Amino acid sequence: LSKKKEVTFVERRDRAKRIERVFLGVNSFWGWTDDYAIRKDKELYKKAVQKAANRINSLNIDIYLMHPRENDDLVRLLSPKTIILKNLDGNEIFLNSLSKGSLLTVYTVMSGSVYDLDSGIKIRYVNIFNRFKEETYTSWINQFNQYRRLVDPDSDEAKEITFED
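What counts, and where the lines are drawn
- Residues numbered from 1 in each chain as written.
- Predicted model: local features only at pLDDT ≥ 70, side-chain atom pairs only at ≥ 80, totals over all residues.
- Heavy atoms only, no water.
- Helix = DSSP H or I, 4+ residues; strand = E, 2+ residues; numbered from the N terminus.
- Buried < 20%, exposed > 50% of the residue type's maximum accessible area, 1.4 Å probe, protein only.
- Contact = heavy atoms within 4.5 Å.
- Salt bridge = Lys/Arg side-chain N within 4 Å of Asp/Glu carboxyl O.
- Polar contact = N/O pair within 3.5 Å; in protein donor to acceptor, adjacent residues only side chain to side chain.
- Arc of directions from axis to C-beta.
- Core = buried A, V, L, I, M, F, W, Y, C linked by side-chain atoms within 4.5 Å.
- Patch = residues over 30% accessible without salt bridge, like charges linked within 9 Å, V, L, I, M, F, W, Y side chains within 5 Å.
- Areas by Shrake-Rupley, 256 points an atom, 1.4 Å probe, with all protein chains shown as cover.
- Pairing = 2+ DSSP bridges.
- Axes fitted to C-alpha atoms, helices over the stretch in contact; angles between N-to-C directions.

Q: How would you sum up the overall build of the protein chain? Please name residues and give values.
A: For the protein chain, the count of helices and strands is 3 helices and 6 strands. For the protein chain, with 165 residues in total, the buried portion stands at 39%. Sequence-distant contacts in the protein chain: of pairs separated by 6 or more residues, those separated by 24 or more amount to 58%.

Here's what the structure looks like:
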């Protein structure tokens, strides 16, 4: 630098991104259907995965946390703006830490991990493959809400996000 007469400073781009929306991934083995008669139909599978990716993309998530037994069929179709993380040991600890810095919403199909999350984290259930009957899914969400009210009576109630597609 001492031999240079001019120094040009390049302004750093802001790379910090506030993390507010996280999706918990789905086990690829059973994630898209319970119907064994169609499970091996590759065309139906591709359509189901594309529809699920479109639904997830519509949520404008910041991070997609892959399930330990999830392949990359779905994540390859997610928005390039989405950060994909796989095999984090202790997703609950990671998410609870993230929630300390901002309001966090976690989207899940039916992950049991949500039971270990801080009660200040908003939980939104999304039946991305239409795999569950409404009665079953509503019952699952109600059970979670009962549990959460026992832990923290002031916690936000988990809700289901539905899609019109």
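Q: How would you summarise the pattern of salt bridges if you had to cite specific residues and measurements?
A: Summed over the entire model, instances satisfying the criterion amount to 7 salt bridges. Here Glu-20 makes a salt bridge to Arg-18, at a shortest N to O gap of 3.6 Å. Arg-149 is paired through a salt bridge with Glu-157; the nearest N and O atoms lie 3.4 Å apart. Via salt bridges that share partners, Asp-72, Asp-73 and Arg-76 belong to a single interconnected network.

Q: Just give me the short version of the side chain of His-67, but keep the residues and values in it.
A: You can see His-67 is positioned in the loop between β2 (63–66) and β3 (83–86). Take His-67: its relative accessible area is 19%, and that puts it in the buried class. A distance of 3.0 Å separates a polar side-chain atom of His-67 from the backbone nitrogen of Arg-69. Once residues lying within four places of it in the same chain are set aside, the contact partners of His-67 are Gly-25, Val-26 and Asn-27.

Q: Could you give an account of helix α2 (residues 91–98), with specific residues and numbers?
A: Three or more residues of α2 are buried, namely Asn-91, Leu-95 and Asn-96. The buried residues of α2 occupy one face: seen down the axis, they fall within an arc of 130 degrees. Considering only its buried residues, α2 is in contact with β1 (21–24), β2 and β4 (105–108).

Q: Explain the nonpolar core to me, and be specific about the residues and the numbers.
A: Core analysis: the biggest nonpolar cluster contains 37 residues, and Phe-23, Tyr-64, Ile-123 and Ile-128 have the highest contact counts within it. Take this core: its biggest share by element is 5 residues, from helix α1 (residues 42–58). With residues near it in sequence (within four places) discarded, Phe-23 still touches Ile-56, Leu-59, Ile-61, Ile-63, Tyr-64, Leu-65, Tyr-107, Val-109, Val-126 and Ile-128.

Q: Tell me about a nonpolar patch on the surface, and name the residues and values.
A: On the surface, a cluster of nonpolar side chains totalling about 330 Å² of accessible area is made up of Tyr-147, Leu-150 and Val-151. Relative to the helices and strands, Tyr-147 is located in helix α3 (residues 134–151). For Tyr-147, a relative accessible area of 35% corresponds to the partly exposed category.

Q: A description of the environment of Ile-128 should follow, citing residues and the corresponding values.
A: If you trace the backbone, Ile-128 turns up in the loop between β5 (122–126) and α3. A residue is classified by how much of its surface remains accessible, and Ile-128, at 1% relative accessible area, is buried. For the pair Ile-128 and Arg-55, spaced 73 residues apart in sequence, the C-alpha to C-alpha distance is 6.6 Å. Excluding residues that lie within four positions of it along the chain, Ile-128 makes contacts with Phe-23, Val-26, Ala-52, Arg-55, Ile-56 and Val-109.

Q: Describe the pairing of β4, naming the residues involved and giving the relevant values.
A: Side-chain alternation along β4 places Thr-105 and Tyr-107 on one buried face and Val-106 and Thr-108 on a second face that is also buried. Bridge count between β4 and β5: 4 bridges; the pairing is parallel. Pairing of Thr-105 across the sheet is with Lys-122, part of β5.

Q: Account for the sheet that holds β3, with residues named and values stated.
A: Strand order in the open sheet made by the 6 strands is β3-β2-β1-β4-β5-β6, with parallel pairing throughout. Both edges of this open sheet fall to β3 and β6 (159–161), since each of them pairs with a single strand only. Sheet twist, expressed as the mean angle between neighbouring strand axes with direction ignored, is 25 degrees. Contacts from α2 reach β1, β2, β3 and β4, with the element oriented near 165 degrees to β2.

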